[in-house]
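Spelled out, the chains give:
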Amino acid sequence: MTRIELRPFTREEYHEFFRGYVPDPMMDPHPYHYQQTHVDRNFDYDESRRDWYPTFGIFADEAIVGTLSLKRIDRVDHKCEIGLMMMNDACKNHGYGTAAMQLAMEKAQIEYGVKSIWADTMGSNTRMQHILSKLGFRLMERIERIYDMPHGKEDRLVYCWEADE
(Lines give C-alpha, C1' and ligand atoms only; values in the text may rest on other atoms or scores of the structure.)
Protein backbone atom coordinates (compact mmCIF):
# COMPACT_ATOMS: atom_id res chain seq x y z
CA MET A 1 0.00 0.00 0.00
CA THR A 2 1.35 3.40 -0.99
CA ARG A 3 1.62 5.92 1.83
CA ILE A 4 0.32 9.37 0.85
CA GLU A 5 1.54 12.41 2.76
CA LEU A 6 0.52 16.03 2.46
CA ARG A 7 3.06 18.54 3.78
CA PRO A 8 4.59 21.91 2.93
CA PHE A 9 7.25 21.84 0.25
CA THR A 10 10.83 22.71 1.01
CA ARG A 11 12.31 25.04 -1.60
CA GLU A 12 14.21 22.14 -3.21
CA GLU A 13 11.10 19.94 -3.32
CA TYR A 14 9.17 22.79 -4.94
CA HIS A 15 11.87 23.01 -7.61
CA GLU A 16 11.84 19.23 -8.04
CA PHE A 17 8.07 19.32 -8.61
CA PHE A 18 8.31 21.98 -11.30
CA ARG A 19 11.32 20.39 -12.99
CA GLY A 20 9.11 17.32 -13.52
CA TYR A 21 5.84 19.14 -14.16
CA VAL A 22 4.04 18.48 -17.44
CA PRO A 23 0.67 20.23 -17.79
CA ASP A 24 -2.36 18.17 -18.70
CA PRO A 25 -3.06 19.24 -22.30
CA MET A 26 -6.79 19.15 -21.57
CA MET A 27 -6.32 21.79 -18.86
CA ASP A 28 -3.44 23.79 -20.35
CA PRO A 29 -2.30 23.11 -23.91
CA HIS A 30 0.82 25.28 -23.58
CA PRO A 31 4.11 23.52 -22.87
CA TYR A 32 5.72 24.34 -19.52
CA HIS A 33 9.37 25.34 -19.36
CA TYR A 34 11.07 25.26 -15.97
CA GLN A 35 12.76 28.53 -14.98
CA GLN A 36 14.62 28.54 -11.68
CA THR A 37 14.12 32.25 -10.90
CA HIS A 38 10.41 32.06 -11.69
CA VAL A 39 9.98 29.00 -9.43
CA ASP A 40 11.94 30.74 -6.65
CA ARG A 41 9.64 33.78 -6.90
CA ASN A 42 6.55 31.57 -6.78
CA PHE A 43 7.85 29.65 -3.77
CA ASP A 44 8.48 32.92 -1.89
CA TYR A 45 5.01 34.15 -2.83
CA ASP A 46 3.40 30.91 -1.64
CA GLU A 47 5.30 31.18 1.65
CA SER A 48 4.11 34.77 2.16
CA ARG A 49 0.44 33.74 2.09
CA ARG A 50 0.66 30.42 3.93
CA ASP A 51 -1.84 31.43 6.66
CA TRP A 52 -4.75 31.93 4.23
CA TYR A 53 -3.63 30.06 1.07
CA PRO A 54 -1.37 27.16 2.10
CA THR A 55 0.20 25.01 -0.61
CA PHE A 56 1.27 21.45 0.13
CA GLY A 57 3.29 18.85 -1.68
CA ILE A 58 1.65 15.50 -2.30
CA PHE A 59 4.12 12.70 -1.59
CA ALA A 60 3.58 9.02 -2.43
CA ASP A 61 6.10 6.93 -0.50
CA GLU A 62 8.29 10.06 -0.26
CA ALA A 63 8.19 10.77 -4.04
CA ILE A 64 6.62 14.06 -5.13
CA VAL A 65 3.52 13.41 -7.21
CA GLY A 66 1.51 16.63 -7.00
CA THR A 67 0.58 19.82 -5.23
CA LEU A 68 -2.58 20.85 -3.42
CA SER A 69 -3.73 24.25 -2.16
CA LEU A 70 -6.35 25.29 0.34
CA LYS A 71 -7.28 28.59 -1.25
CA ARG A 72 -8.57 31.76 0.35
CA ILE A 73 -9.28 30.31 3.80
CA ASP A 74 -12.05 32.39 5.36
CA ARG A 75 -11.90 31.95 9.13
CA VAL A 76 -15.08 33.99 9.68
CA ASP A 77 -17.33 32.02 7.31
CA HIS A 78 -15.30 28.80 7.85
CA LYS A 79 -14.83 28.05 4.16
CA CYS A 80 -12.13 27.71 1.55
CA GLU A 81 -11.52 26.46 -1.95
CA ILE A 82 -9.34 23.51 -2.88
CA GLY A 83 -7.07 22.98 -5.86
CA LEU A 84 -5.13 19.95 -7.02
CA MET A 85 -2.40 19.59 -9.63
CA MET A 86 -0.61 16.35 -10.41
CA MET A 87 3.02 16.46 -11.58
CA ASN A 88 2.54 14.55 -14.82
CA ASP A 89 0.55 11.71 -16.38
CA ALA A 90 2.64 9.05 -14.59
CA CYS A 91 1.20 10.35 -11.29
CA LYS A 92 -2.43 10.00 -12.36
CA ASN A 93 -4.85 7.08 -11.98
CA HIS A 94 -3.18 5.71 -8.85
CA GLY A 95 -5.53 7.27 -6.28
CA TYR A 96 -2.94 9.83 -5.14
CA GLY A 97 -5.19 12.81 -5.89
CA THR A 98 -8.17 11.30 -4.09
CA ALA A 99 -6.08 10.42 -1.03
CA ALA A 100 -4.50 13.90 -0.97
CA MET A 101 -7.90 15.58 -1.24
CA GLN A 102 -9.19 13.47 1.67
CA LEU A 103 -6.18 14.44 3.80
CA ALA A 104 -6.64 18.11 2.85
CA MET A 105 -10.32 18.04 3.78
CA GLU A 106 -9.39 16.71 7.23
CA LYS A 107 -6.58 19.26 7.57
CA ALA A 108 -8.92 22.10 6.56
CA GLN A 109 -11.38 21.15 9.29
CA ILE A 110 -8.92 20.43 12.08
CA GLU A 111 -6.23 23.07 11.49
CA TYR A 112 -8.23 25.90 9.89
CA GLY A 113 -11.78 25.41 11.23
CA VAL A 114 -13.24 25.01 7.74
CA LYS A 115 -16.80 23.69 7.47
CA SER A 116 -17.35 24.03 3.71
CA ILE A 117 -14.96 23.51 0.82
CA TRP A 118 -15.54 24.73 -2.70
CA ALA A 119 -13.94 23.36 -5.86
CA ASP A 120 -14.36 23.93 -9.54
CA THR A 121 -13.32 22.14 -12.67
CA MET A 122 -13.94 22.10 -16.38
CA GLY A 123 -16.75 20.04 -17.85
CA SER A 124 -14.31 17.76 -19.66
CA ASN A 125 -12.21 17.04 -16.54
CA THR A 126 -13.92 13.78 -15.66
CA ARG A 127 -11.04 12.72 -13.36
CA MET A 128 -11.64 15.67 -11.04
CA GLN A 129 -15.41 15.26 -11.23
CA HIS A 130 -14.98 11.62 -10.16
CA ILE A 131 -12.73 12.60 -7.22
CA LEU A 132 -15.11 15.31 -6.04
CA SER A 133 -18.16 13.05 -6.24
CA LYS A 134 -16.33 10.21 -4.49
CA LEU A 135 -15.43 12.53 -1.59
CA GLY A 136 -18.98 13.80 -1.12
CA PHE A 137 -18.86 17.11 -3.00
CA ARG A 138 -22.15 18.14 -4.59
CA LEU A 139 -22.43 19.87 -7.94
CA MET A 140 -23.83 23.32 -7.18
CA GLU A 141 -23.62 25.10 -10.53
CA ARG A 142 -22.71 24.56 -14.16
CA ILE A 143 -21.70 27.69 -16.02
CA GLU A 144 -21.84 26.81 -19.68
CA ARG A 145 -19.13 27.64 -22.20
CA ILE A 146 -17.21 30.06 -19.97
CA TYR A 147 -13.62 28.90 -20.60
CA ASP A 148 -11.99 29.56 -23.97
CA MET A 149 -9.83 26.55 -24.70
CA PRO A 150 -7.98 25.73 -27.93
CA HIS A 151 -10.39 22.84 -28.56
CA GLY A 152 -13.47 25.07 -27.97
CA LYS A 153 -15.57 26.46 -25.14
CA GLU A 154 -15.63 24.60 -21.83
CA ASP A 155 -18.17 24.57 -19.01
CA ARG A 156 -17.21 25.43 -15.43
CA LEU A 157 -18.58 23.07 -12.79
CA VAL A 158 -18.74 24.36 -9.20
CA TYR A 159 -18.85 21.86 -6.34
CA CYS A 160 -19.28 22.20 -2.58
CA TRP A 161 -18.63 19.89 0.37
CA GLU A 162 -20.13 20.58 3.80
CA ALA A 163 -18.81 19.10 7.05
CA ASP A 164 -21.24 17.15 9.19
CA GLU A 165 -22.36 19.28 12.11
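Parameters and conventions
- Residues numbered from 1 in each chain as written.
- Predicted model: local features only at pLDDT ≥ 70, side-chain atom pairs only at ≥ 80, totals over all residues.
- Heavy atoms only, no water.
- 1 Å grid on protein atoms, 1.4 Å probe; cavity = no way out; pocket = protein on both sides within 12 Å on 5 of 7 lines; lining within 4 Å.
- Points joined across faces, edges and corners; volume = space filled by probe spheres on them.
- Helix = DSSP H or I, 4+ residues; strand = E, 2+ residues; numbered from the N terminus.
- Nonpolar A, V, L, I, M, F, W, Y, C, P; charged D, E, K, R; others polar.
- Phe/Tyr/Trp six-rings, centres within 6.5 Å; stacked < 30°, edge-to-face > 60°.
- Buried < 20%, exposed > 50% of the residue type's maximum accessible area, 1.4 Å probe, protein only.
- Lys NZ or Arg CZ within 6 Å of the ring centre and 35° of its normal.
- Axes fitted to C-alpha atoms, helices over the stretch in contact; angles between N-to-C directions.
- Parallel < 35°, antiparallel > 145°, perpendicular 65-115°, else oblique.
- Left-handed = near helix turned anticlockwise from the far one by under 90°.
- Contact = heavy atoms within 4.5 Å.

Draft legend 1. Up close: the layout of surface pockets. One number sums up the size of the largest pocket: a volume of about 1300 Å³. If you trace the largest pocket, you find 50 residues lining it, with G83, L84, M85, M86 and M128 closest to the centre. With 6 residues, the single largest contributor to the lining of the largest pocket is strand β4 (residues 79-86). The class makeup of the residues in the lining of the largest pocket is 24 nonpolar, 14 polar and 12 charged.

Draft legend 2. Up close: unusual backbone geometry. Even without glycine at this site, R72 takes up a positive phi of about 50°. When you line up the elements, R72 lands in strand β3 (residues 63-74). Even without a glycine there, the phi angle at N93 is positive, about 70°.

Draft legend 3. Here's a closer look at the packing of aromatic side chains. All chains considered together, the criterion is met by 11 aromatic pairs. Consider the rings of Y14 and F43, whose centres lie 5.3 Å apart with planes at 65°: the pair is edge-to-face. Residue Y14 is found in helix α1 (residues 11-20), and its partner F43 is found in helix α2 (residues 36-48); the two are separated by 29 residues along the sequence. When its relative accessible area of 6% is taken as the criterion, Y14 is described as buried. Overall, the relative accessible area of 9% leaves F43 in the buried class. A ring pair is formed by F18 and Y32, whose centres lie 5.9 Å apart and whose planes are at 50°; its orientation type is tilted. Pair noted here: F18 is in helix α1 and Y32 is in the loop between α1 and α2, with a separation of 14 residues, a long-range link. Judged by its relative accessible area of 14%, F18 is buried. Its relative accessible area of 26% is what places Y32 among the partly exposed residues. Here the aromatic cluster, defined as three or more aromatic residues joined through ring pairs, consists of F9, Y14, F17, F18, Y21, Y32, F43 and F59. It is R7 that lies over the ring of F59; its NZ or CZ is 3.8 Å from the centre.

Draft legend 4. Summary view of the packing of helix α3 (residues 96-112) against helix α4 (residues 126-134). Across the interface, α3 lies against α4 with an axial gap of 10 Å and an inter-helix angle of 45°. By the angle between their axes, α3 is oblique relative to α4. Our pair here, α3 against α4, has a crossing hand that is right-handed. Along its contact with α3, which presents G97, T98 and M101, the element α4 presents M128, I131, L132 and K134.

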